[in-house]
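Coordinate analysis (summary)
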Amino acid sequence: MTSSTIPSPRYLGIDFGLKRVGLAVAGPNSTMVFPLKTIFRTTRAALFEELLGIIAEENIQAIVLGLPLDLEGNEQLITRQVRNFAASLARRVALPIHLENEALTSFEARNRLHEARVFGARRKNVLDQMAAVAILESFLSRHHHHGSLHRPQ
C-alpha cells in the first residue's frame, strides 16, 4: 500500500440536537466507531457548510442519523425536526441517509463517559459525539447481523 491509496468508504453517525450536533465515524467493514466532532449550531447555513466539509474530508459514503423516538417507538416533538433535517441533508448530498432509532443512546453515552471518568465541561463537550457513536454502533450491529449493510434503505 502506498500513501496515495484511496481510503475505504466510511459511515457518518449524527446525533442531531438544536444546540449541538454530535458526529462519529466508522468504516463499512468495521464495527469500530470513533467519536469525531461536536458542531455547535449557530445558523442553519453554517451547520450544513461545516457538515458538507466533513462529509467530503472524511470520504463519507453513507449517513446514519439518530431518530428520536420514545421507548414505545412513538415520535416526539424533535422527531419532526430530525426528519426535516434529514430531508434538507438529502437535498445537499447524494448519499444514502439511514434513520436509526436513538432511544437510550444519550443514556448509554452518559454511562460510557461515567465509566471512563469523564466529568464536567469535558463530558458536556463529548456527550453528543458519544451519542453519535452509540447510534452508529446500533446501526452497524443490526446490519452486520442481517447481512444487509450495503443495501440502501
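Figured I'd write up the structure that's included with this text. (Residues numbered from 1 in each chain as written. Predicted model: local features only at pLDDT ≥ 70, side-chain atom pairs only at ≥ 80, totals over all residues. Heavy atoms only, no water.)

Remarks on the overall build of the protein chain
- Scanning the protein chain for helices and strands turns up four helices and five strands.
- The N-to-C order of helical and strand elements in the protein chain reads β-β-β-α-β-α-β-α-α.
- Looking at the protein chain residue by residue over its 153 residues, the buried ones come to 42%.
- Surface summary for the protein chain: the accessible area is close to 8800 Å², and the carbon and sulfur share equals 54%. (Helix = DSSP H or I, 4+ residues; strand = E, 2+ residues; numbered from the N terminus. Buried < 20%, exposed > 50% of the residue type's maximum accessible area, 1.4 Å probe, protein only. Areas by Shrake-Rupley, 256 points an atom, 1.4 Å probe, with all protein chains shown as cover.)

Quick word on the nonpolar core
- Ile14, Leu51, Phe85 and Leu89 are the most contacted members of the largest nonpolar core, which has 23 residues in total.
- Apart from residues lying up to four places away in sequence, Phe85 is in contact with Ile14, Phe16, Leu47, Phe48, Leu51 and Leu65.
- Counting 13 residues, the second-largest nonpolar core is a separate cluster that includes Ala26, Met130, Ala132 and Val133. (Core = buried A, V, L, I, M, F, W, Y, C linked by side-chain atoms within 4.5 Å. Contact = heavy atoms within 4.5 Å.)

A few points about the pattern of salt bridges
- Applying the stated criterion across every chain yields a total of five salt bridges.
- The salt bridge partner of Glu58 is Arg10, with a shortest N-O separation of 2.9 Å. Separated by 48 residues along the polypeptide, Glu58 in the loop between helix H1 (44-57) and strand E4 (60-67) and Arg10 in strand E1 (residues 10-15) bring together distant segments of the chain.
- Using a relative accessible area of 18% as the deciding quantity, one classes Glu58 as buried.
- Ionic pairing is found between Asp128 and Arg20, a salt bridge with its closest N-O pair at 2.5 Å. (Salt bridge = Lys/Arg side-chain N within 4 Å of Asp/Glu carboxyl O.)

Overview of the sheet that holds E4
- Taking strand neighbours across the sheet as the criterion, the five strands line up as E3-E2-E1-E4-E5 in an open arrangement whose pairing is mixed. The sheet is open, and its two borders are formed by strand E3 (33-40) and strand E5 (97-101), each paired with just one other strand. Ignoring strand direction, the axes of neighbouring strands in this sheet form an average angle of 25 degrees.
- With respect to the sheet, H1 is in contact with E1, strand E2 (20-26), E3 and E4, its orientation differing from that of E3 by roughly 155 degrees.
- Along the sheet, helix H2 (residues 77-92) makes contact with E1, E4 and E5, crossing E4 at roughly 165 degrees. (Pairing = 2+ DSSP bridges. Axes fitted to C-alpha atoms, helices over the stretch in contact; angles between N-to-C directions.)

Side note on the packing of H1 against H2
- Running from N to C, H1 and H2 cross one another at 55 degrees; their axes reach a closest spacing of 11 Å. In terms of orientation, H1 lies oblique with respect to H2. Considering the relative orientation of H1 and H2, their crossing is right-handed. Contacts from Arg44, Leu47, Phe48, Leu51, Leu52 and Ile55 of H1 reach H2 at Asn84, Phe85, Ser88, Leu89 and Arg92.
- Partitioned by chemical class, the residues of the contact of H1 with H2 number seven nonpolar, two polar and two charged. (Parallel < 35°, antiparallel > 145°, perpendicular 65-115°, else oblique. Left-handed = near helix turned anticlockwise from the far one by under 90°. Nonpolar A, V, L, I, M, F, W, Y, C, P; charged D, E, K, R; others polar.)

Keep in mind these numbers describe shape, not what the thing actually does.
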